[in-house]
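These are the residues of each chain, in order.
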Amino acid sequence: MKYSLVAAVVAAFASSVSAADAVKGAAEGFAKGVTGGGNAAPVYPSTTAELISYLGDSSARVIVLTKTFDFTGTEGKVTSAGCSPWGTGSGCQIAINQNGWCDREQPKAPKVSSITYDKAGILGMTVGSNKSLIGQGSKGVIKGKGIRIVSNAKNIIVQNVRFTDINPEYVWGGDAITVDGGDLIWIDHVTTDLIARQHIVLGNGASNRVTISNCEINGATGWSATCDGHHYWGLYLTGSNDLVTLKDNYIHHTSGRSPKVAGNTLVHAVNNYFYANSGHAFEVNPGGKVVAEGNVFQNVVQAMQPNLGGQMFASAAAGTNAQCKQYLGHDCEMNAYGTSGTLTGAAAGILSSFSGKNVASASAASSVKNVVNTAGYGKI
Ligand SMILES: *[C@@H]1O[C@H](CO)[C@@H](O)[C@H](O)[C@H]1NC(C)=O
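Residues numbered from 1 in each chain as written. Predicted model: local features only at pLDDT ≥ 70, side-chain atom pairs only at ≥ 80, totals over all residues. Heavy atoms only, no water.

1. Observations concerning the nonpolar core
Counting residues in each nonpolar core, the largest one holds 55 residues, and the members touching the most others are Leu-51, Leu-133, Phe-163 and Phe-282. Among the elements that line this core, the one with the most residues is strand β10 (residues 147-159), at five residues. Setting aside residues no more than four positions away along its own chain, Phe-282 makes contact with Ser-258, Pro-259, Ala-269, Phe-274, Val-290, Phe-297, Ala-303, Met-304, Gln-305, Met-312 and Leu-343. In terms of nonpolar packing, the next biggest core, distinct from the first, is built from 11 residues, Phe-30, Phe-313, Leu-351 and Phe-354 among them. (Core = buried A, V, L, I, M, F, W, Y, C linked by side-chain atoms within 4.5 Å. Buried < 20%, exposed > 50% of the residue type's maximum accessible area, 1.4 Å probe, protein only. Helix = DSSP H or I, 4+ residues; strand = E, 2+ residues; numbered from the N terminus. Contact = heavy atoms within 4.5 Å.)

2. Regarding the UniProt feature "domain: Pectate lyase" (unreviewed entry) in the protein chain
Using the residue numbers shown here, the UniProt feature "domain: Pectate lyase" (unreviewed entry) corresponds to residues 95-303. A distance of 27 Å separates the end C-alpha atoms of residues 95-303, which is 2% helix and 53% strand. (UniProt positions renumbered as here; feature names shortened; annotations may be inferred.)

3. Some details on the packing of aromatic side chains
Considering all chains together, one arrives at 12 aromatic pairs under this definition. Residues Tyr-232 and Trp-233 carry aromatic rings whose centres are separated by 4.8 Å and whose planes lie at 75° to one another, so their mutual orientation is edge-to-face. Taking relative accessible area as the criterion, Trp-233 reaches 7% and is therefore assigned buried. Residues Phe-274 and Phe-282 carry aromatic rings whose centres are separated by 5.6 Å and whose planes lie at 55° to one another, so their mutual orientation is tilted. We classify Phe-274 as buried; its relative accessible area is 1%. One residue, Lys-67, lies across the ring of Phe-69, its end atom 5.1 Å from the ring centre. Stacked on the ring of Tyr-236, the Lys or Arg Arg-257 has its end atom at 4.8 Å from the ring centre. (Phe/Tyr/Trp six-rings, centres within 6.5 Å; stacked < 30°, edge-to-face > 60°. Lys NZ or Arg CZ within 6 Å of the ring centre and 35° of its normal.)

4. What about the site of the ligand?
As a matter of local geometry, the ligand sits amid Ser-58, Ser-129 and Asn-130. Contact between the ligand and Asn-130: an oxygen atom at 2.4 Å from a side-chain N or O atom of the residue. Coverage of the ligand by the protein amounts to 27% of the 360 Å² it exposes when considered alone. (Near = heavy atom within 4 Å. Polar contact = N/O pair within 3.5 Å; in protein donor to acceptor, adjacent residues only side chain to side chain. Areas by Shrake-Rupley, 256 points an atom, 1.4 Å probe, with all protein chains shown as cover.)

5. Here's the deal with the pattern of salt bridges
Opposite charge on two side chains lets them pair, provided their charged atoms get close. Applying the stated criterion across every chain, the model contains 11 salt bridges. The partner of Glu-75 in a salt bridge is Lys-145, with the nearest N and O atoms 2.8 Å apart. Of this pair, Glu-75 sits in the loop between β3 (68-70) and β4 (77-83) while Lys-145 sits in the loop between β9 (141-143) and β10; the two residues are 70 residues apart in sequence, bridging distant segments of the chain. Relative accessible area serves as the criterion here: at 37%, Glu-75 is assigned to the partly exposed category. Look at Lys-145 and you get buried, because its relative accessible area is 5%. For Asp-183, the salt bridge is made with Arg-209, and the minimal N-O distance between the two is 2.8 Å. (Salt bridge = Lys/Arg side-chain N within 4 Å of Asp/Glu carboxyl O.)

Spelled out as structure tokens, the structure:
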């Protein structure tokens with residue numbers, strides 16, 4: 001009797017704790033070398049409070065999600081005024097009048113007297129240094145709240161997790177992943193969908209070395225700032241001399257900021273699959289520097305907004321692609337377009353910024369269609 005009880009407990013333990021509960025693979029590109037929680041024994045939060053505590057404390061941790069953590073309702077609801085700058089139809093996002101934003105920025109927009117949203121979505125969970133946040137199989141889901149990597153937190157891995165349902169009806173209702181002051185951050189095989197504002201935002205603080213790989217940025221929504229089922233606020237990569245590798249991501253059903261690049265940020269966008277974008281993918285503002293190679297744009301109205309003042313090297317011709325080798329270690333790969341606008345720009349002067357950095361490899365664009373099957377959570 002005693003033996004069988006112990007055996008049962010061991011069996012139950014073994015089913016939830018396994019050697020598989022570890023980060024898989026390694027970061028490529030600028031965040032190469034990131035270790036997150038390293039070899040720390042995995043911890044398995046059971047409540048939202050425990051998850052907040054593990055993420056925010058000062059211990060190196062491997063935090064394994066084995067279920068959906070639903071934050072909706074955990075901090076209550078907020079009722080406030082809002083506005084409709086993008087239209088009053090049922091498919092349009094409404095903006096929360098956060099800190100008087102509607103009054104200040106959109107004084108002519110129709111007012112919305114009373115909206116109610118979930119408070120937990122507004123501010124993400126703080127993530128400390130030396131953390132791995134990983135999902136088990138396809139069980140790692142965080143609903144109604146994002147994460148914030150701030151205050152110069154370093155060495156963080158987020159892998160195989162889905163962030164979903166963060167006040168998607170309301171702009172200013174929350175972001176999924178914020179980095180604003182950090183270094184060595186790897187966001188891999190993460191899915192984001194139904195988010196209020198940015199799916200991923202690298203704020204004005206220096207985020208230093210970041211790799212975003214194998215992620216699914218799913219902009220399909222019933223509440224859009226472009227009122228067309230496509231989310232406008234995709235990826236916003238600003239900062240202070242940030243280095244961002246964007247590789248093998250599936251970015252779809254967005255209508256803008258996919259990504260927006262500013263603030264002296266250098267982006268290596270390689271082998272991403274951009275699909276079904278009703279507006280624009282790249283928005284590169286003054287200071288932004290983008291080398292885009294081996295990407296596929298399928299049904300993307302504008303692969304980039306023209307003439308915004310940022311710098312783009314968009315692989316377009318064999319002769320220019322050879323210029324990459326000296327600094328990136330390989331000839332750049334051509335981008336490919338299907339029923340899409342194209343990237344333009346041959347700012348070869350930005351290639352030298354890759355000198356001495358860890359640079360992701362590149363495959364031919366013809367192999368990139370498979371990203372649809374490999375990107376996102378629950379795939380590794
Ligand atoms: C993170 O880990 C490194 C290496 O072990 C250590 O030097 C550093 O103090 C840790 N950071 C924090 C905030 O614990």
